[in-house]
Amino acid sequence: MSLLVVGLSHRSAPVSVLERAALSADAQIKLLQDTVAAEPATEAAVLATCNRIELYADVDKFHAGVAELSTLLARHSGVGLEELTPYLYVHYEDRAVHHLFSVACGLDSMVVGEGQILGQIKDVLATSQELHSAGRLLNDLFQQALRVGKRAHSETGIDRAGQSLVTFGLEQFAEGATVEAWARDKRVLVIGAGSMSSLAAATLARAGVAEVVVANRTFDRAERLATLLVEQYAQGSAREGGTDVLARAVPIDAVANELTRADVVVSCTGATGLVLTAEVVATAMEGRAVRVSSPAPTPASAPGAGARGASGASVVRGELSPTSVGTEENCPLDPSAAQSVQTVQGVQTVQGTAGFSVLGEAAVAGMGAAELEQHAAWVDKGASATAAEGQPGSVALLDPAAEAEAITALAAAAALLGRVPERRRPEPVATVPRPTPVLSLLDLAMPRDIDAAAHRLPGVRLVDIESLAEASADAPMAADVDQVRRIVSDEVAAFGAALRAAHITPTVVALRTMAADVVAGEIARLDGRLPGLDDKQRSEITQTVRRVVDKLLHAPTVRVKQLAAEPGGAGYADALRTLFDLDQETVAAVSRAEGRDADTDSGVVDGRRGDGGLDDSGLVVGSRFSDSDNFESAENRGRA
């Protein structure tokens, strides 16, 4: 049997595909059951997070396994196989182990180094054990992945390279400031009461927000989370002289009303549809007052421009100021006809070509020669004034009267081309930045909870999984990442060696069992031929024969385990079975027995580690049978 993983993640598929392929908890259970029931697989585990969907299985055939697992993923995700296939990746044997260890260390996460994935892997193992879909291989694999992830976080500074997805999302709003400074005194609405929502609520509570409101479809869970926040963070904050965090729970129906009061919204539910539509957000934003800090007085400030509340904060409306496209005073042509401006959500953009006057180009198209001459004279007059003022970049212009022929040629070119190239610079277009967001929306759900169109609303900033993926691509990598990669490589090599050694152990056990049977048979024959032997003589002869067999088998069995642990050593088990004519069914029976032992007590049998079990150092040990377990040690038998 061999390890196979088929899946897709934020590295292989766009967010739109991940959203559609997301699996509910029930779908994950059904996928596990169907995978184990499929012919190529004997064990299965599903790792499904907001950034990945992966199906692990122990299969006996590679190509049949890939085809079956891909089909099962497509069937249970609801995405057609032909559409899903381009985004799937496949890892086999050592590469599959390397992939899971990298995932456990946070190297494959959207935020490199985040530690939340360890809890998700632990949940996967618990679910697979509960459903009995994880056997000896996957039990050992996922337990070792947890140990490797913990080792990476304890022995390196990978935690400095990354943080949780929640923290990374909040940092996008902070824009260079600390999350604590940005979040202080804000009102927060958390939609959902699962692990991700709880983490977001706790992070914001520690940052010193003024209030956390938890909304969930199951009100009891929302109330429990709110109570925990008050108990764990508000009291501690008061002891440290900080601001108490108020937390309360509301029904999911109250989200629209709470949205009008919130400064920050974090949503992560298991809903299959949108929780917040753009229309709901727009309704909440209508007539909403934007609380901003009082700016320092400036000469341009108009006294009493904004009414001040009791807190000293000025209140302004969340509207975008218009964009100026410059003025065209005394232009002989119609400026209104000249403007080619598009307005999108209150922001004006001017369409034109660099090197030409946008307004003039649009205005003179199709004009007569006389009007063109008049317009050219007005342009030259304006540019001459600029040159007279000594502005940088100004050029000396020619007299229009002296250049009548050039102007006539210019008019002909305009009639032919439909536009007039001008010698002045285009009017600068003022770019008005979006105002500071009134409402910050963080969507950590997959599929998305918040309508992507909400980002286009004035005063709203939306950060979702897709935007986090783009931001994480530019995130700096810590030097510790290389050290973690080395840890992963070493652990993969150790796990592979132990797995290969464990693969030959049933054959070695069958060989020693056969040798013990041969010794027992020969002693029985000796008793028949020499019935006069007393007990002492019979015992000495028996021990002597066993010592001879033990010594003959010791070196070959130790060496074959060493060779089998090396890459490409899987064939040594077959060679051993062939050389000693071992019964295949006997070897299979030993394997089944050891597999049952591993399943019964996680690899510990009668106080000893079973094959593929995990010792205290976290490494997989090859076998519970030492080379002299079938016979007593030669030294002890010599003393008998």
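Everything below is about the structure shown above.
Residues numbered from 1 in each chain as written. Predicted model: local features only at pLDDT ≥ 70, side-chain atom pairs only at ≥ 80, totals over all residues. Heavy atoms only, no water.

Student: Would you explain helix 21 (residues 535-565) in this entry?
Tutor: Each turn of an α-helix holds 3.6 residues, which means side chains three or four residues apart point in the same direction. Between its first and last C-alpha, helix 21 extends 43 Å over 31 residues, near the 45 Å set by a 1.5 Å rise per residue. A maximum bend of about 30° is found in helix 21 at His 554, where proline Pro 556 lies one to four positions downstream. Of all the positions in helix 21, only Thr 542, Gln 543, Arg 547, Val 549, Asp 550, Leu 553, Thr 557, Val 560, Lys 561, Leu 563, Ala 564 and Ala 565 are classed as buried. (Helix = DSSP H or I, 4+ residues; strand = E, 2+ residues; numbered from the N terminus. Expected span 1.5 Å × (residues − 1). Bend = angle between axes of the 7 residues up to and from the residue. Buried < 20%, exposed > 50% of the residue type's maximum accessible area, 1.4 Å probe, protein only.)

Student: Hey, could you run me through unusual backbone geometry in this one?
Tutor: Cis geometry is adopted by the peptide bond preceding Pro 447, which originates at Met 446 and carries an omega value of 5°. For Pro 447, the position within the fold is in the loop between strand 14 (439-443) and strand 15 (460-463). Unusually for a residue other than glycine, Glu 93 sits at a positive phi of about 50°. With respect to the helices, strands and loops of the structure, Glu 93 is situated in the loop between strand 4 (89-92) and helix 5 (94-105). The backbone of His 132 sits at a positive phi, close to 60°, despite the residue not being glycine. Within the element layout of this structure, His 132 appears in the loop between helix 6 (116-130) and helix 7 (136-155).

Student: Can you help me understand the packing of helix 20 (residues 480-529) against helix 21 in this one?
Tutor: When two helices pack together, you describe them by how their axes are tilted relative to each other and by the distance separating the axes. It is at 10 Å that the axes of helix 20 and helix 21 come closest, and there the two elements cross at 160°. As far as their axial angle goes, helix 21 and helix 20 are roughly antiparallel. Seen along the crossing, helix 20 lies across helix 21 with a hand that is right-handed. Its residues placed into classes, the contact of helix 20 with helix 21 shows 16 nonpolar, four polar and seven charged. (Axes fitted to C-alpha atoms, helices over the stretch in contact; angles between N-to-C directions. Parallel < 35°, antiparallel > 145°, perpendicular 65-115°, else oblique. Left-handed = near helix turned anticlockwise from the far one by under 90°. Nonpolar A, V, L, I, M, F, W, Y, C, P; charged D, E, K, R; others polar.)

Student: Can you help me understand the pairing of strand 2 (residues 41-48) in this one?
Tutor: Working note: regular strand, side chains alternate between the two faces of the sheet. Extensive coverage of strand 2 is indicated by the burial of six of its eight residues. Looking at chain direction, strand 2 and strand 3 (residues 52-59) are connected through seven bridges and run antiparallel. Its bridge partner being in strand 3, Ala 45 is matched across the sheet by Tyr 56. The hairpin turn running from strand 2 into strand 3, its antiparallel successor, is three residues long. (Pairing = 2+ DSSP bridges.)

Student: Would you mind showing me how to read the pattern of salt bridges here?
Tutor: Where side chains of opposite charge bring their charged atoms close, a pairing between them can arise. Tallying each qualifying case throughout the model produces 21 salt bridges. Arg 52 is the salt-bridge partner of Asp 108, the closest N and O atoms lying 2.8 Å from each other. You can see Asp 108 sitting in the loop between helix 5 and helix 6 and its partner Arg 52 sitting in strand 3, a full 56 residues away along the chain. Given the relative accessible area of 13%, Asp 108 is considered buried. With a closest N to O distance of 3.5 Å, Asp 550 and Arg 512 form a salt bridge. With a gap of 38 residues between them, Asp 550 in helix 21 and Arg 512 in helix 20 connect regions that are remote in the sequence. Three or more residues are tied together by salt bridges with common partners; here these are Arg 11, Arg 52, Glu 54 and Asp 108. (Salt bridge = Lys/Arg side-chain N within 4 Å of Asp/Glu carboxyl O.)

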